[in-house]
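# Residue-level structure breakdown
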Amino acid sequence: MSLDDRKLEVLRAIVEDYVETQEPVGSKALVDRHKLGVSPATVRNDMAVLEEEGYIRQPHTSAGRVPTDLGYRLFVDRLTRIKPLSPAERRAIERFMVGAVDLDDVVHRTVRLLAQLTRQVAVVQYPSLSRSSVRHLELVPISTTRLMLVMITDTGRVEQRLVEMPRPVHDGDVWELRRRVNEKLSGQRLADTPPLVQRLVDECDDPERRATMACLASVLLETLVERSEERLALAGTANLTRGGVLDFQGTLRPVLEALEEEVILLKLIGDLEPRTTRVRIGDENEIDNLRSASVVSSGYGPGTTIVGGLGVLGPTRMDYPGTIATVRAVARYVGDLLAQN
């Protein structure tokens, strides 16, 4: 059944009131709070149609109605008016993020900011190594036979490894190794580096230099390619306890268990295009433990390049317009920050 504009406005009013009050919404309350331009009897008839179509439900006898997952989905797809952030909110984001000294600081400021602004659980993925490029490789002598390899990516991620050399390496040799690896690898995507690393070894004619480069190459490959685990930051878990008795079907345990699994969190906020926002509501979540939750997520990165994801998780009774606007704005700001640096 195609809902007419009046029934859609009734649904919008029910969603907005329930999100604000945490109480089931009755027809009298709708008429009192909203200028629907119709009688209470008409609103009751519209609510009966919405319930029959599965957009609202009655949680218990003699109660008002609450939105279903289907009702929230229709609200997000057709009824949500994205609330633009106020100048004060934008200034707050800028003030909070300014002065971040490195990538760790950016990620931790971002996740705390999202949790504070949305009052939900916030998750931020560190820029993925698989989507990053090499900015610079540094070799720092620790002793005559030990070097520290430091890789800096274009997203500011830093990886460090110790390299045990087969023979003493002098300062001139370190300088030459540094020059050659940066000449070959700087600006290259990490996923494209294995054949280039092998070429560094093949191009060494001197047996001793070849052995030294082969030793360095094995650590380079581990740093550039083999270490593919992703890192996450989480904040605002305590916000889950702010809700009403109907949130999360009365128990937080499954949600908390899901939040302990990094693989699950990566599925929630990964695989997104830049400048797009995804909203998963209730049963739309593939993870069983999150069937009572909603997730709003976005990809972020410099320009049109996506390097990671961020988002928030909370009850389906969520301020979708405000949450979507905040997630979009923070993702855009972090992407611009990465582009500038």
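Under an unreviewed UniProt entry, the protein has the name Heat-inducible transcription repressor HrcA and belongs to Actinoplanes campanulatus. We quote the UniProt Sequence similarities (unreviewed entry) comment for the protein here in full: "Belongs to the HrcA family." UniProt, in its Function (unreviewed entry) section for the protein, records the words "Negative regulator of class I heat shock genes (grpE-dnaK-dnaJ and groELS operons). Prevents heat-shock induction of these operons."

## Description of helix H12 (residues 320–340)
Taking 1.5 Å per residue, 21 residues should reach 30 Å; H12 reaches 30 Å between its end C-alpha atoms and fits that length. Burial within H12 is extensive, with 15 of its 21 residues counted as buried. One side-chain oxygen of the residue at the start of H12 lies 3.3 Å from the amide nitrogen of Gly 322, identifying that residue as Asp 319.

## Remarks on the side chain of Ser 298
Counting through the fold element by element, Ser 298 comes out in strand S9 (residues 293–300). A polar side-chain atom of Ser 298 sits 3.0 Å from the main-chain carbonyl oxygen of Thr 276.

## A few points about the sheet that holds strand S6 (residues 158–164)
Taken together, 3 strands build an open sheet; the order of strands is S4-S5-S6 and the sheet is antiparallel. With partners counted over all chains shown, the strands left at the sheet margins are strand S4 (134–143) and S6, one partner each. Between one strand axis and the next, the sheet turns by 20 degrees as a mean value, whatever way the strands run. Relative to the sheet, helix H7 (residues 171–185) contacts S4 and strand S5 (146–153), its axis offset from that of S4 by approximately 165 degrees.

## Concerning empty space enclosed by the protein
For the coordinates displayed, the defined rule picks out 1 cavity of 30 Å³ or more. Looking at the largest cavity, its volume works out to about 80 Å³. Taken together, Arg 167, Asp 173, Glu 176, Leu 177, Arg 180, Cys 204, Arg 209, Thr 212 and Met 213 make up the full set of residues lining the largest cavity. Contributing elements (two or more residues each) for the lining of the largest cavity: H7 and helix H9 (207–226). For the lining of the largest cavity, the element with the highest residue contribution is H7, accounting for 4 residues. Grouping the constituent residues of the lining of the largest cavity by class yields 3 nonpolar, 1 polar and 5 charged.

## Section: the pairing of S6
Of the two faces of S6, the one holding Glu 159, Arg 161 and Val 163 is buried and the one holding Val 158, Gln 160, Leu 162 and Glu 164 is not buried anywhere. Connecting S5 to the antiparallel partner S6 that follows it, the hairpin turn spans 4 residues, and Gly 156 within it adopts a positive phi of roughly 90 degrees.

## A closer look at the nonpolar core
The tendency in soluble globular proteins is for nonpolar side chains to be buried side by side. If you look at the biggest cluster of nonpolar residues, it comprises 56 residues, and the most contacted ones within it are Leu 11, Ile 14, Leu 30, Leu 50, Leu 114, Leu 310 and Tyr 320. Top contributing element to this core by residue count: H12, with 10 residues. For Tyr 320, the residues in contact, after removing those within four places along its chain, are Tyr 72, Phe 75, Val 76, Val 279, Ile 281 and Ser 294. By size, the runner-up hydrophobic cluster in this structure holds 27 residues, among which are Leu 177, Leu 185, Leu 196 and Leu 200.

Reading the values: the criteria
Residues numbered from 1 in each chain as written. Predicted model: local features only at pLDDT ≥ 70, side-chain atom pairs only at ≥ 80, totals over all residues. Heavy atoms only, no water. UniProt positions renumbered as here; feature names shortened; annotations may be inferred. Helix = DSSP H or I, 4+ residues; strand = E, 2+ residues; numbered from the N terminus. Expected span 1.5 Å × (residues − 1). Buried < 20%, exposed > 50% of the residue type's maximum accessible area, 1.4 Å probe, protein only. Polar contact = N/O pair within 3.5 Å; in protein donor to acceptor, adjacent residues only side chain to side chain. Pairing = 2+ DSSP bridges. Axes fitted to C-alpha atoms, helices over the stretch in contact; angles between N-to-C directions. Contact = heavy atoms within 4.5 Å. 1 Å grid on protein atoms, 1.4 Å probe; cavity = no way out; pocket = protein on both sides within 12 Å on 5 of 7 lines; lining within 4 Å. Points joined across faces, edges and corners; volume = space filled by probe spheres on them. Nonpolar A, V, L, I, M, F, W, Y, C, P; charged D, E, K, R; others polar. Core = buried A, V, L, I, M, F, W, Y, C linked by side-chain atoms within 4.5 Å.

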